[in-house]
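# A structural walkthrough
Listed below, chain by chain, are the residues.
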Amino acid sequence: MRRLEPRVQAIVDEHLDAMERKGPPADLVADFALPVPSLVICELLGVPYEERREFQERSSRLLDVSLPLPERLAASDELRSYMARLVAGQQADPGEELLGMLIREHGTEVTTDELIGIANLLLIAGHETTSNMLGLGTLALLHHPDQLALVRDDPEAVGPAIEELLRWLSIVHSGTFKIVTEDTEIAGTPIPKGDTVMLSLPAANRDPELLDRPEELDVRRGALGHVAFGHGVHHCLGAPLARMEMRTAFPALFRRFPTLRVASDEEHFRSFNAIFGMESLPVAW
Ligand code: HEM
C-alpha cells in the first residue's frame with residue numbers, strides 16, 4: 001500500500017485538475033468518486049481502463065437488487081466472459097500487475113476458473129465500494145461543515161473520521177450471508193447447523209450497545225470496533241487499499257475546492273443496491 005500511495009495521490013490530483021479545468025458544476029460521482037478507485041483497481045490488477053464501459057455498467061447491474069434475477073445473472077455471465085478473455089491473454093503473456101503476478105507465481109496451483117473468479121471479485125469490489133464511500137462521504141461531510149473542516153485541515157483527524165464515515169454510512173447493505181457450521185444460539189434464537197443467516201452490517205454499526213448516539217455522525221468519536229468491512233476470516237481483503245484511497249482523496253478534494261457545495265436540490269441515491277451509494281452528485285464551488 002505504501003508503494004501504491006504516490007500513484008493514488010497522482011490519480012486523485014489528475015482528476016481534481018480535470019474538474020478544475022472544466023469548471024463548475026461537476027458531477028462528483030462521474031468526475032471523481034467513480035473514476036479514481038476504478039482506475040486504481042484496473043492498474044493494480046492489469047485490466048485496461050479504456051474498457052471500463054465493459055465492466056462498470058455490468059457490475060452495477062449485477063448488484064442492483066431491484067432488477068429481475070435473470071438480468072443480474074446475465075450481467076454476471078458477461079463479466080465472467082470478459083474476465084475469461086483477459087485471463088487468457090495474461091496466461092499467454094503475463095504482465096507486471098497482480099493478475100500476471102498470480103499467474104507467474106501461482107499459475108500451477110490456481111485453476112483458470114479460480115483466476116477468473118479472483119480477478120472478477122477484485123474488479124467489482126475494487127470500484128463498487130470505495131467509489132460509493134467517496135460520493136456518500138462527501139455528501140455527509142457537506143451536510144456537516146464543521147466536521148468537513150476537520151478532515152480538510154487536520155491530518156490527524158482524517159484516519160478516525162474515515163472510520164466514523166465507514167460506520168455511519170455502512171454501504172454494504174446485503175450479500176453478507178453465512179452458513180452456520182455448528183448448532184448455536186443468538187439472542188435466544190436457536191440456529192441449527194447448515195442454516196443460512198443474513199447479517200445486517202448497518203444495524204450492527206448502529207447498535208446502541210456499541211456506542212452512544214449511534215444515529216449521529218461524529219468524526220471526533222475516535223476508534224471504534226465497527227463492522228463496515230465485515231468480521232472474521234472474510235473481513236474485507238481490500239480494507240487497507242480502501243482506507244488509503246479515502247485518506248488521500250477526501251482531504252485533497254476539500255483542500256482543492258474549499259467552497260465545495262451541493263449544486264442541486266435533487267439527491268440521486270441508488271434505490272435498491274447491495275451496495276448503497278449515489279447515482280450522481282452535482283457539485284459547484
Ligand atoms: C470502503 C470500501 C469497502 C467496503 C465498505 C468493503 C466491505 C466489505 C465487506 C463488508 C466484506 C465482507 C463480506 C462478507 O462478510 O461476506 C468485504 C469483503 C471483501 N472485499 Fe471489501 N470493501 C471495500 C473495499 C474493497 C476493495 C477496494 C477491494 C479490492 C481491492 C475489496 C475486496 C474484497 C474482497 C476480495 C472481499 C472478500 C474477502 C473474503 O471473502 O475472504 N473490498 N468487503
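Right, let's walk through the structure included here.

About the criteria used
- Residues numbered from 1 in each chain as written.
- Predicted model: local features only at pLDDT ≥ 70, side-chain atom pairs only at ≥ 80, totals over all residues.
- Heavy atoms only, no water.
- Phe/Tyr/Trp six-rings, centres within 6.5 Å; stacked < 30°, edge-to-face > 60°.
- Buried < 20%, exposed > 50% of the residue type's maximum accessible area, 1.4 Å probe, protein only.
- Near = heavy atom within 4 Å.
- Polar contact = N/O pair within 3.5 Å; in protein donor to acceptor, adjacent residues only side chain to side chain.
- Helix = DSSP H or I, 4+ residues; strand = E, 2+ residues; numbered from the N terminus.
- Nonpolar A, V, L, I, M, F, W, Y, C, P; charged D, E, K, R; others polar.
- Donors = N, O, S within 2.8 Å, 3.2 Å for Na, K, Ca; no water.
- Contact = heavy atoms within 4.5 Å.
- Pairing = 2+ DSSP bridges.
- Salt bridge = Lys/Arg side-chain N within 4 Å of Asp/Glu carboxyl O.

## A short note on the packing of aromatic side chains
The geometry of an aromatic ring pair is captured by two quantities: the separation of the ring centres and the angle between the planes. Across all of its chains, the model carries 4 aromatic pairs by this definition. Seen from their ring centres, Phe269 and Phe276 are 5.7 Å apart, and the 15° between their planes marks the pair as stacked. Phe269 sits in the partly exposed class, given a relative accessible area of 32%. Residue classification places Phe276 among the partly exposed positions, given a relative accessible area of 24%.

## Brief notes about the site of the ligand
Not every one of the 25 residues close to the ligand is listed here, only the nearest: Thr129, Lys178, Ala228, His234 and Cys236. Lys178 is positioned with one of its side-chain polar atoms (N or O) 2.8 Å from an oxygen atom of the ligand. Here an oxygen atom of the ligand sits 2.7 Å away from a polar atom, N or O, in the side chain of His234. Looking at the shell around the ligand, the elements that each hand over two or more residues are α7 (112–128), α8 (130–142) and α12 (239–256). Considering every element that reaches the shell around the ligand, the biggest residue donor is α7, with 4 residues. For the shell around the ligand, a count of residues per class yields 17 nonpolar, 7 polar and 1 charged.

## A look at the coordination of the iron atom of the ligand
Exactly one protein atom donates to the iron atom of the ligand; that atom is Cys236 (SG), 2.3 Å from the metal. Within the secondary structure, Cys236 sits in the loop between α11 (201–205) and α12.

## Considerations on the side chain of Arg58
Structurally, Arg58 is set in helix α4 (residues 52–62). Every residue in contact with Arg58, bar those within four places of it in the chain, is listed here: Ala75, Glu78, Leu79 and Tyr82.

## Considerations on the sheet that holds strand β6 (residues 261–262)
Read across the open sheet, the 3 strands follow the order β1-β9-β6; overall the sheet is antiparallel. With one partner strand each, in any of the chains shown, β1 (26–27) and β6 form the two edges of the open sheet. Strand direction decides the pairing type here: β1 and strand β9 (residues 282–284), joined by 2 bridges, are antiparallel. Paired with Ala26 across the strands is Val283, a residue of β9.

## With respect to the environment of Ala242
In this fold, Ala242 is placed in helix α12. C-alpha of Ala242 to C-alpha of Leu134: the two residues are 108 residues apart in sequence and 10.0 Å apart in space. In contact with Ala242, other than residues within four places in its own chain, are Thr130 and Phe229.

## Describing unusual backbone geometry
Residue Pro24 is joined to Pro25 through a cis peptide bond whose omega torsion reads -5°. By secondary structure assignment, the location of Pro25 is in the loop between α1 (5–22) and β1. A positive phi angle, near 35°, is found at Ser170, a position not held by glycine. Mapped onto the secondary structure, Ser170 falls in the loop between α10 (155–169) and β2 (177–179). Even without being glycine, Arg213 reaches a positive phi, approximately 45°. Inspection of the secondary structure puts Arg213 in the loop between α11 and α12. A residue is classified by how much of its surface remains accessible, and Arg213, at 41% relative accessible area, is partly exposed.

## Digging into the pattern of salt bridges
Taken as a whole, this structure holds 19 salt bridges when the rule is applied. Linking Arg256 and Glu20 is a salt bridge whose minimum nitrogen-to-oxygen distance equals 2.8 Å. Placement of Arg256 in helix α12 and of Glu20 in helix α1 is noted, with a sequence separation of 236 residues between them. Taking the relative accessible area as the measure of exposure, Glu20 reaches 42% and is therefore partly exposed. We note a salt bridge from Glu57 to Arg61, for which the minimum N-O separation is 2.7 Å. A residue pair is termed a helical-turn pair when its members lie 3 or 4 positions apart in one helix, as Glu57 and Arg61 do in helix α4 at 4 residues. Residues joined in a network through salt bridges with shared partners are Asp146, Arg213, Glu216, Asp218 and Arg220.

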